[in-house]
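Letter by letter, the chains look like this.
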Amino acid sequence: MPHLGPDTGNSSQASTRSPAPQPSARRSAQSHAGTHDRALDCAHDRSPDHQCPALFLSATSSGQGKTTLTAALARHHRNAGRRVRVFKTGPDFLDPMILGRAAGAGTEAEPLDLWMVGEDDCRRALYQAAGEADLILVEGAMGLFDGSPSGADLAETFGLPVAALIDARGMGQTFGALALGLMQYRPGLCFAGIAANRVASARHAEMIRAGIPAGVPYLGALPRLDEAALPSRHLGLVQAQEIADLEQRLDRLAEHISTTELAALPKPVRFQAPRDGLAGTVPGTGATVPAQAAATVMANTKAPSGSRPLSAIVSGSALEPWSTASKTAPYPKPLAGRRIAIARDAAFSFLYAANLRLLAQLGAELAFFSPLSDQALDPADAIYLPGGYPELHLAQLAANSAIKAALRAHVDAGRPLYAECGGMLYLLEQLSDKQGQSAEMVGLLPGTGRLQPRLAGLGMQALAHAAGELRGHSFHHSTMSTPIAAMQYGIRQHDGQPGEPFYQQGPIRASYLHLYFPSAPAAAAALFLP
């Protein structure tokens, strides 16, 4: 494989940003050369606040190797002594675990999404990262232009230069045509260049390079690295903590990428300060799903007999004045004095760090327990069962009768229990895996769940609430059968139609939705209040 360019950074100075290549003079965007210069001149004319080298890593589709590439770059720059902040476009739990480990961040990569997180909060996150890090990497989702909003929308909004990855298997000079089309599809998008992935040999690399048009910045060829590949399963990558040799794999990936143009530190990008400041602000987003759809859902929201509607928790409570307050208002503490027990282990790990931070900022004391291994559950005012892989741990979950009894006692006492996706499946009477093996679960919700061979639910959705519109997504391979009537339905982001059912039975609130709590803090607090 050809050596396409060494790392220009200074690995001996961890806190000093290395100089980035200077942009070339701007020429006509109509020519290939103009495309090249437009790609490199990515700093918008905005008031400078923080500046930091940054790169948006995308591809033509899913399965091209974006996470592997982003992880390799993060580890390469971390090994060079740089502080790296990594973000992931859109909702995701698995890729961010890998990316966080690669960057040595101590936590997973945070999400950036113009709809779910909101432009203001994305701007705030990038601004803060630019003030702390030597490099910002953002991994895209699916293909560069897929979805609405797309990764391209995010990159263009914040002036992030795009490095696009194309799987080069089975092609030679045609690679150049795809690269050129990708760069010229949206004239306002900044491009750092195009990289070839899964290149078979030095001769294959030569064929690809020969077909690159003049003016298309080529970032190098990456070989097939089966020994360092990141393993996956039905919901995506295997969880970071399950890959015993992850550190070695990441180091091998970093070594391979170090000889390409991709390894060079990108040019700095200017990041504006958030319009509503930083400290003491309430995160959230101002955009909404279609108003008529939200109004219809709220009008049809009914709680089961004996249950208090979730929306009614706001009325007459400490949440009421806050639900209409300015985003710059100081945080109230509606969860002050309340202890929330959160399931977190190999079976239940789909947790946004931002969700946990918000609950703490709202005054809650957070405690963690393992439905797999703990034999007791300390007293708590509310319980949070996030999503994960309960289907991979059926026997162990079924055998832990002590925790199941503790969950039943908690609900019998009328204390709130909020469950998402896999957490909801755990509450059913029975759950079956793909092979048809079944086990008894907690039995707090009547019904059964079963893993399916194909995807059963996917998409961005909102949950209408009197205190705000909670946003999140659905992504599951299971189906469930239950006699419980849905209290309300999620609202699909793309068409405003009803989405996933949201169930409430007594103090239990549950759905397939993975909600991003900062999108509506007051509504998120209501999930954990009686």
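Anything mentioned here points back to the structure above.
Residues numbered from 1 in each chain as written. Predicted model: local features only at pLDDT ≥ 70, side-chain atom pairs only at ≥ 80, totals over all residues. Heavy atoms only, no water.

Overview of the packing of helix 4 (residues 114-132) against helix 5 (residues 151-158)
One way to put it is that helix 4 packs onto helix 5 with a least axis distance of 11 Å and a crossing angle of 30 degrees. When the axes of helix 4 and helix 5 are compared, the pair comes out roughly parallel. Two packed elements cross with a definite hand, and for helix 4 against helix 5 that hand is right-handed. Two secondary-structure elements touch here, helix 4 through Leu114, Glu119, Cys122, Arg123 and Leu126 and helix 5 through Asp153, Leu154, Thr157 and Phe158. Tallied by class, residues from the contact of helix 4 with helix 5 come to 5 nonpolar, 1 polar and 3 charged. (Axes fitted to C-alpha atoms, helices over the stretch in contact; angles between N-to-C directions. Helix = DSSP H or I, 4+ residues; strand = E, 2+ residues; numbered from the N terminus. Parallel < 35°, antiparallel > 145°, perpendicular 65-115°, else oblique. Left-handed = near helix turned anticlockwise from the far one by under 90°. Contact = heavy atoms within 4.5 Å. Nonpolar A, V, L, I, M, F, W, Y, C, P; charged D, E, K, R; others polar.)

Some words on the side chain of Asn197
Its location among the elements puts Asn197 in strand 6 (residues 191-199). Accessibility expressed as a relative area gives 10% for Asn197, which makes it buried. A distance of 2.8 Å separates a polar atom in the side chain of Asn197 from the backbone oxygen of Gln64. Leaving out residues up to four positions away in the same chain, Asn197 has contacts with Gln64, Gly65, Leu165, Ile166, Asp167, Ala168, Arg169, Leu222 and Pro223. (Buried < 20%, exposed > 50% of the residue type's maximum accessible area, 1.4 Å probe, protein only. Polar contact = N/O pair within 3.5 Å; in protein donor to acceptor, adjacent residues only side chain to side chain.)

What to know about the sheet that holds strand 25 (residues 508-511)
Strand order in this open sheet of 10 strands is 13-11-14-16-25-24-23-20-21-26, and the pairing throughout is mixed. In this open sheet, the two edge strands, each paired with only one partner strand, are strand 13 (365-369) and strand 26 (514-516). Looking at each pair of strands side by side, their axes are set apart by 25 degrees on average, direction ignored. In this structure, strand 11 (residues 339-343) lies alongside strand 13, joined through 5 bridges in parallel fashion. Pairing of Ile342 across the sheet is with Phe368, part of strand 13. (Pairing = 2+ DSSP bridges.)

Examining the pattern of salt bridges
Summed over all chains, the structure comprises 14 salt bridges. Arg124 serves as the salt-bridge partner of Asp121, at 2.2 Å between the closest nitrogen and oxygen. Remark: Arg124 and Asp121 occur in helix 4; sequence separation between them is 3 residues, near one turn of the helix. In this structure, Glu365 and Arg339 form a salt bridge, with 3.3 Å as the shortest nitrogen-oxygen distance. Of this pair, Glu365 sits in strand 13 while Arg339 sits in strand 11, placing them 26 residues apart in sequence. For Glu365, a relative accessible area of 46% translates into the label partly exposed. Members of the salt-bridge network, linked through shared partners, are Asp153, Glu156 and Arg186. (Salt bridge = Lys/Arg side-chain N within 4 Å of Asp/Glu carboxyl O.)

A short note on the packing of helix 2 (residues 66-79) against helix 3 (residues 94-103)
Viewed as axis vectors pointing N to C, helix 2 and helix 3 meet at an angle of 20 degrees, and their least axial separation amounts to 7 Å. Considered as vectors, helix 2 and helix 3 are oriented roughly parallel to each other. Crossing angle aside, the handedness with which helix 2 passes helix 3 is right-handed. The segment helix 2 lies against helix 3, with Thr67, Thr70, Ala71, Ala74, Arg75 and Arg78 engaging Asp95, Ile98, Leu99, Arg101, Ala102 and Ala103. In terms of residue class, the contact of helix 2 with helix 3 is made up of 6 nonpolar, 2 polar and 4 charged.

Some details on helix 5
Side chains of residues three or four places apart in an α-helix project in the same direction, reflecting 3.6 residues per turn. Listed in full, the buried residues belonging to helix 5 are Gly151, Ala152, Leu154, Ala155 and Phe158. Taken end-on, helix 5 shows its buried residues confined to a sector of 160 degrees, consistent with a single buried face. Of the residues that open helix 5, the one with a side-chain oxygen 3.3 Å from the backbone nitrogen of Ala152 is Ser150. Where helix 5 ends, the next residue or the one after it, Gly159, has phi of about 65 degrees, a positive value. (Arc of directions from axis to C-beta.)

A short note on unusual backbone geometry
Cis geometry marks the peptide bond from Ser148 to Pro149; its omega dihedral reads 5 degrees. Mapped onto the secondary structure, Pro149 falls in the loop between strand 4 (135-139) and helix 5. If you check the backbone angles, Met142 has positive phi at about 55 degrees while not being a glycine. Looking at the element boundaries, Met142 is found in the loop between strand 4 and helix 5. With relative accessibility at 43%, the residue Met142 sits in the partly exposed group.

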